[in-house]
Amino acid sequence: KYAPHLRGACSAFRKGSWLGRNYDWFYTDEIEFIVHITRGLDKKGNTRYASLSVNSSGIYDFTRESIKEDGFLLPFLTVDGINENGVCVELNVLTPDEERYGRTTGTNPGKEGLCELAVSRYILDYATSVDHAIDLLSERNIYGCFKDGFNEEFHFVVADKDKTVILEFVNNKLQIIEPEKP
């Protein structure tokens, strides 16, 4: 299903109140679908916010074990979306420079783990703002989802009405990139 020799990536942008993206990723005929999550409580009693998001069943095939480890099951794994607080997240492929930066094996060893592919869902479920999303991810041990030839890493555009950032995990650290103001 996945052709590692074919490189693809996604692009995202924000201009004013517009946030856009494309899917320049090599896909087969996998199903793409929209996921609607209603507000509720998670197993720990924390509020999980309502959201609309996009999911690719093709991603699920590459990461079944990671999803089980993190407790996320299809269709809860999402590529991108928006929650009831107006927090948007977009997952984009980041082909790592392994010789220079290594692989993301864990940003906070000893803390609760979260596979990179579950970051979008986590932000949508719990974040009230961009700054809150950063705080949430700073308290987790983010690691790459390397399974069966799927060895890409990801970066994320996270936006709310006031702020946009790019979040990456480089050298096992959360990197926050704030775009220059026009």
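Just so it is clear, the structure is predicted and the values come from calculations on it, not from any experiment.

Asker: Give me the lowdown on the nonpolar core, citing residues and values where you can.
Answerer: Among the nonpolar cores identified, the biggest contains 30 residues, and Val-119, Ile-123, Leu-137, Phe-156 and Val-158 are the most heavily contacted of them. Setting aside residues no more than four positions away along its own chain, Ile-123 makes contact with Asn-83, Val-87, Val-89, Ala-133, Leu-137 and Val-158.

Asker: Got a sec to walk through the environment of Gly-20? Specific residues and values, please.
Answerer: Examined against the element boundaries, Gly-20 turns out to sit in strand 2 (residues 18-21). Assessed through its relative accessible area of 13%, Gly-20 is described here as buried. Once residues lying within four places of it in the same chain are set aside, the contact partners of Gly-20 are Ser-11, Ala-12, Phe-13 and Glu-90.

Asker: Give a description of the packing of helix 4 (residues 119-126) against helix 5 (residues 130-138) that names residues and reports values.
Answerer: Contact pair helix 4 / helix 5: the axes reach a minimum separation of 10 Å and the direction vectors enclose 125 degrees. The orientation of helix 4 with respect to helix 5, classified from their angle, is oblique. For helix 4 against helix 5, the interelement crossing comes out right-handed. Contacts from Val-119, Tyr-122, Ile-123 and Tyr-126 of helix 4 reach helix 5 at His-132, Ala-133, Leu-136 and Leu-137. Grouping the constituent residues of the contact of helix 4 with helix 5 by class yields seven nonpolar, one polar and no charged.

The rules behind each value
- Residues numbered from 1 in each chain as written.
- Predicted model: local features only at pLDDT ≥ 70, side-chain atom pairs only at ≥ 80, totals over all residues.
- Heavy atoms only, no water.
- Core = buried A, V, L, I, M, F, W, Y, C linked by side-chain atoms within 4.5 Å.
- Buried < 20%, exposed > 50% of the residue type's maximum accessible area, 1.4 Å probe, protein only.
- Contact = heavy atoms within 4.5 Å.
- Helix = DSSP H or I, 4+ residues; strand = E, 2+ residues; numbered from the N terminus.
- Axes fitted to C-alpha atoms, helices over the stretch in contact; angles between N-to-C directions.
- Parallel < 35°, antiparallel > 145°, perpendicular 65-115°, else oblique.
- Left-handed = near helix turned anticlockwise from the far one by under 90°.
- Nonpolar A, V, L, I, M, F, W, Y, C, P; charged D, E, K, R; others polar.

So, to be careful, I would describe these as geometric facts and stop short of saying anything about function.
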